[in-house]
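# Examining the three-dimensional arrangement
Each chain, letter by letter, is given below.
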Amino acid sequence: MSALLQDLRYCARNLGKSPGFAAVAVLTLALGIGANTTMFSVVRAILIRPLPYPDSEKLVAFTTNQSGPDVEDIAARSRTFSYLAGAQNWPFDWLNGSETEKARAAIVTGQVFTALGTAAELGRTILPSDDVPGAERVVLVGHDFWKSKLAGDPGVVGRALTIGGKPATVVGVMPASFEVPRVPADMWLPFRVFDRGAAQARGVHALRAFARLAPGASLAAAREELSGIGRELKKIHAEDDGDQEFGLVSLQERVVAGARPTLFLLFASVIVVLLIACANFANLLLSRSARRSREIAIRSALGAGRGRLIRLLVTESLLLSLLGGAAGVVVAAWAQGLAAKLPPVSARLAEQVRLDSGVFLFALAVSAATGILFGLLPALALTRPAAAESLGSRGTAGTRDSRIARVLVVWEISVALILLNGSGLLFKSLSRLSAADPGFAADHLLTFRLDLPENRYEQIEMRTRFFNALLERLPTLPGVRNAALISELPVVGPPLDHNVVVEGGRVYPKGSEPSAYTRTVSAGYFRTMGIPILRGRGLSEEDRDGSPLVAVANEAFVRQLVAGRDPIGIRVRWARDENAWMTIVGVARATRDLGLAEEDGPALYTTYAQVGAKWKRWSSVVIRTQGDPLRMIPSARAAVRALDPALPVTDIASMEQALEASTASPARRNLVIALFAALALALAAIGVYGVLSQAVSRRAREFGVRMALGARRGDVVRLVLRQALLLGAAGIVLGAAAAAVLSRAFLENLLFGISAIDPVTYAAMAAVLLAATLLASGLPARRATRVDPMSALRSE
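Definitions and limits used
- Residues numbered from 1 in each chain as written.
- Predicted model: local features only at pLDDT ≥ 70, side-chain atom pairs only at ≥ 80, totals over all residues.
- Heavy atoms only, no water.
- Helix = DSSP H or I, 4+ residues; strand = E, 2+ residues; numbered from the N terminus.
- Buried < 20%, exposed > 50% of the residue type's maximum accessible area, 1.4 Å probe, protein only.
- Areas by Shrake-Rupley, 256 points an atom, 1.4 Å probe, with all protein chains shown as cover.
- Salt bridge = Lys/Arg side-chain N within 4 Å of Asp/Glu carboxyl O.
- Core = buried A, V, L, I, M, F, W, Y, C linked by side-chain atoms within 4.5 Å.
- Contact = heavy atoms within 4.5 Å.
- Pairing = 2+ DSSP bridges.
- Polar contact = N/O pair within 3.5 Å; in protein donor to acceptor, adjacent residues only side chain to side chain.
- Axes fitted to C-alpha atoms, helices over the stretch in contact; angles between N-to-C directions.
- Parallel < 35°, antiparallel > 145°, perpendicular 65-115°, else oblique.
- Left-handed = near helix turned anticlockwise from the far one by under 90°.
- Phe/Tyr/Trp six-rings, centres within 6.5 Å; stacked < 30°, edge-to-face > 60°.
- Nonpolar A, V, L, I, M, F, W, Y, C, P; charged D, E, K, R; others polar.

Below, the discussion takes up the overall build of the protein chain. The number of helices and strands found in the protein chain is 27 helices and 23 strands. Across the 796 residues of the protein chain, 52% fall into the buried class. With an accessible surface of roughly 34600 Å², the protein chain has 58% of that area assigned to carbon and sulfur atoms.

Set out below in C-alpha cells:
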C-alpha cells in the first residue's frame, strides 16, 4: 500500500509538471465517461431499477388486452394469482367550478390497488366492493390533481365531484409518485360502475391486465396455468375469444418493452464515443511515453523490474482516468435534465433518472477499466527490453509506438464511421417518414375532439342532433370551407378494430374472422379530408337512420378481403352483429391509420347516422379552412359553446401539427444520436491531429533536409496529407464493412423508406469523415513547412 501511495504522489507531481497534457487527457475521458454515465442513469431508471411497488418482482402482465368478463373468469379459475386487475384510459369530463374540463381518467377493476400494494396518501383506494354494478359512484384522485385542481384540500375525502355529469365521492388521494402501469391518469374510477356496457362485453378487449403471483407461484407456472385457462375460454366463448391471446410476462418487461430498442441504440452510441475517447487517451499516453523513454530506461538500468515500471505507468493512467471519471460525473449531473427528456422516458420515469450510488459505481468501474486497459498498452510498449536498452533512443521504439498510434487512429475513424453512418441512415429515414403521404391532404385542416357526457347524451338521437347542428354551424364560419366528423383521426388514432365477415368470401371459425379498422364518419368526410374515392361513391346525407346500411371500404380492405371481386355491392357485417349487413358503396384511398411508418390496414367507414352503438359518444371534428387553420381555434370553440356551453373542446391542433407530433419521438432520438456522432467525429479528428503532430515532430529533420534539397512547401504538405488520407481511407474501409453488418442487425427495423445498406448515405458520411481527417491534418502540415532547412542540415 505504501508503494502505491508513493507512486500516486509521484504521478501527481509528474502530471503537475505537464498541466496541458493532463487537462487534455481528463477532458477527453470526461466526455466519453460523462456520456456513458448519463445514459446508464437512464437505462438504470427504466430497465434495471425495480418498479416502484412492493415486491414488484411478483407482478406480471398479460401480453394483450383483456375484456372484463375474461378477467373475472381467469381470476375465478386461477390458483397462481393472488390478485388480478385491469385498467384502461377513458375520457371523462368533470365540473371545475363553473367550467367543464376534460379529465385524464382511467377506469379500473376493484383489485388494481391491492395488486400493486400501494396505499392512499389520504383516505383509501378503490376496493372490490366499489367495482360492482349499482355501487355508489366513487373516485380516487392523484396527488398532482389534488394539489392543482382541488387546491390541496385536506378535507377532500368525502367531497363530491361532478364527473360525466353525475356526482362521484372522493374516497382518497394517491401519493405523488404513483401511477397504474401503462395507464397514466389523474383520477381512477370503478370499471363496472362507470362503463357498465364494456364491463359486460366479452368481445371488448380493452383492459391492460396485470396480476400479483400467489406465494410460491412462479412465472412459468402461471404461464402454464393461464395457457390452459385460455384454451378453455376460447372453446367456451369461441365467438369472442377465438383469436384472443393469453400470454404472460413480468410487469417490468411489459412496462419497458417499448423503450428498450431506443435505449439500447442510444447506449450503443455512447459506448462508441467512449471507445474513441479511450483510443485518444491511449494515443496521448503513447505520445507522452516517447518523451519519458529516457526516464524509464534509466530506472530500468538502476534495477527497476519491468513489472514495477508497468505498475508506475498504469498508476499514472489510472489517476488520469479517475480524474476524467470525476469530471464525467459532473458532465452527467449537468446532463440529467436533458436525459430525462429522451424519447423513451415518461414523466414518471423521468423522476427516477438520477445519480445514485449505482450510477457512481458504474462511473468508477468504467474509469478504472479505462485507466488500466488503455494505460497498459503504452506501458507495455515503453517497458520493452529493447526500449530499456536504448537509454532513450528514439529509433526502433519510436517507430513501433507510432505504428500503434496509427492503428488506434484507424480504429477511431472506423468506429466513428459506424456511428456517423447510423445517424445518417436514421435522419434520412426520418426525412422520408416526414415526407410520407398520409393518404389525405393535411394542409389547412383544424382538428379537435369532443367527448359527449353520458348523462346529457345517453340517447343516440341526442348525439345525432348535436353533431348535425355542429356540422351545419361550422361551414358558416368565415374562413371555413367545410367540416366533418370521424371517430378516430388517421395517423393520430389509435383506431378501433372489429372482426368482419364478407358475404360470399372465405368462411372462418367464429372468433377467428379477419379484422378491419372501423371509422365512423359524417357525410362529406372524404371531401373535407381530401381522400379520393377510387370507385363508387362516398357516404352522403341520404345514408341516414332507416335507410339501407352502407359502408365505404379502403384499398387495403379490397386488396386483402375481397381480392378478385368487384367490391361495389358486396355485403359485409361486423362478426358480432349477424343481422346488420352493410353494402359497400365505394372504395376510398387508404390512409395511414396507425402512423406514417405503418402499412395501411383494412378499414371500413360507416356513417354516424346509422351507428347504433350507445357507447360511442366521442368524435373528432375536422375543419377545412381557407387560411391558417390555427386562426380558426377561437371561432371553432365558440361554435361548440353556442350549442353546449359545458362541453369541453380538447386536443385542438392543426393536422400538420398532429403529423409532426407523430414523428417527434424519433426526431428527438435521432438528434441525440447525431450529437453523439458529432462528438465521435470531433474526437476522431483530434486523434488524427495528435498522431500527425507526433509524426511531424519525428520527421522534422527529414522535412528540413527535403526542403534544403529543393522540395517545395507544397511537396511537404502533400506528404503529410498523404499520411492523413491513408489513415482515413483505412479507417473508412474497415468502418464501412462493420457499419454494413451492424446497421443491418440493429437499424433495419427502425428505418423507413431506405435500406440499411444505403450507398448514398455511406458515401456522404465517408466524405464527411475524410474531410474532417484532412482538416485535422492541416495544422501539422503547416508546421512541417516551417522546419528550418539549415537547422536540419546542421543536426545531420
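This part is about the pattern of salt bridges. Pairing between side chains of opposite charge can happen when their charged atoms approach one another. If you walk through the whole model with that rule in mind, you get 26 salt bridges. Salt-bridge contacts for Arg202 lead to Asp73; the nearest nitrogen and oxygen are separated by 2.9 Å. Here Arg202 is found in the loop between α7 (196-200) and β11 (208-213), whereas its partner Asp73 is found in helix α3 (residues 68-77), with 129 residues between them in sequence. We note that Arg202, like Asp73, is buried. Arg571 is the partner of Glu503 in a salt bridge, and the nearest nitrogen-oxygen pair spans 2.9 Å. Of this pair, Glu503 sits in the loop between β15 (496-502) and β16 (515-521) while Arg571 sits in strand β19 (residues 571-574), placing them 68 residues apart in sequence. Residue classification places Arg571 among the partly exposed positions, given a relative accessible area of 32%.

Moving on: the nonpolar core. In this structure, Leu263, Leu320, Leu419, Phe676 and Leu769 are the most contacted members of the largest nonpolar core, which totals 78 residues. No other element matches helix α11 (residues 260-301), which puts 15 residues into this core. Every residue in contact with Leu320, bar those within four places of it in the chain, is listed here: Leu15, Phe21, Ala22, Ala25, Val26, Leu29, Phe281 and Leu285.

Of all five residues that make up strand β21 (residues 603-607), five are buried, and the element is covered over most of its length. Of the two faces of β21, the one holding Ala603, Tyr605 and Thr607 and the one holding Leu604 and Thr606 are both buried throughout. Pairing of β16 with β21, which is carried by five bridges, proceeds in the parallel orientation. Residue pairing in the sheet places Arg519 in a bridge with Tyr605 of β21.

Let's shift gears to unusual backbone geometry. Positive phi, normally seen in glycine, also occurs at Asp55, with a value near 50°. Counting through the fold element by element, Asp55 comes out in the loop between α2 (19-48) and β1 (59-62). Phi at Asp651 is positive, roughly 50°, even though this residue is not glycine. Mapped onto the elements of the fold, Asp651 is located in strand β23 (residues 649-654). On the accessibility criterion, Asp651 (52% relative accessible area) is exposed.

Looking now at the environment of Glu488. One can find Glu488 in the loop between β14 (480-486) and β15. Classification of Glu488 as buried rests on a relative accessible area of 7%. For the pair formed by Glu488 and Arg519, sequence separation is 31 residues and the distance between their alpha carbons is 6.6 Å. Leave out the neighbours within four places in its chain, and Glu488 touches Pro494, Pro495, Leu496, Thr518, Arg519, Lys616 and Trp618. A polar contact is formed between the side chain of Glu488 and the side chain of Ser487, at a distance of 2.8 Å.

Bringing the packing of helix α17 (residues 460-473) against helix α20 (residues 633-643) into the picture now. For the pair α17 and α20, the least separation of the axes is 10 Å and the interaxial angle reads 140°. Considering their axes alone, α17 and α20 lie oblique with respect to each other. For the pair α17 and α20, the sense of crossing is right-handed. Residue-level contacts link Phe466, Ala469, Leu470 and Arg473 of α17 to Ala639, Val640, Ala642 and Leu643 of α20.

With that out of the way, let us pick up the pairing of strand β20 (residues 582-588). Most of β20 sits inside the fold, with six of its seven residues counted as buried. Strand direction decides the pairing type here: strand β17 (residues 533-536) and β20, joined by three bridges, are antiparallel. Bridge pairing in β20 links Arg535 to Val587. The sheet contact formed by strand β18 (residues 550-554) and β20 spans five bridges and is parallel. Residue pairing in the sheet places Asn554 in a bridge with Ala588 of β20. As paired elements, β19 and β20 share two bridges and run antiparallel to each other. Considered in β20, the bridge of Arg571 is made with Thr583.

This paragraph deals with the side chain of Thr125. Structurally, Thr125 can be placed in the loop between β6 (122-123) and β7 (138-141). Assessed through its relative accessible area of 10%, Thr125 is described here as buried. Not counting residues within four places of it along the chain, the set of residues in contact with Thr125 comprises Phe113, Thr118, Ala119, Ala120, Asp130, Leu140, Val171 and Met174.

Here we take up the packing of aromatic side chains. Within the structure shown, the criterion is met by 16 aromatic pairs. Both rings, one in Phe62 and one in Phe81, keep their centres 6.3 Å apart while their planes meet at 50°; by these two values the pair is tilted. Remark: Phe81 occurs in strand β2 (residues 81-89) and Phe62 occurs in strand β1; sequence separation between them is 19 residues. Relative accessible area serves as the criterion here: at 10%, Phe81 is assigned to the buried category. When the ring of Phe92 is compared with that of Phe194, the centres are 5.6 Å apart and the planes differ by 90°; the resulting orientation is edge-to-face.

The next point concerns the packing of α3 against helix α8 (residues 219-236). Between α3 and α8, the least distance of the axes is 11 Å, while the angle of their chain directions is 130°. On the basis of the axis angle, α3 is oblique to α8. Seen along the crossing, α3 lies across α8 with a hand that is right-handed. Residue-level inspection shows Asp70, Asp73, Ile74 and Arg77 of α3 in contact with α8, the latter providing Glu225, Leu226, Ile229, Glu232, Leu233 and Ile236. For the contact of α3 with α8, the class distribution of residues is five nonpolar, no polar and five charged.

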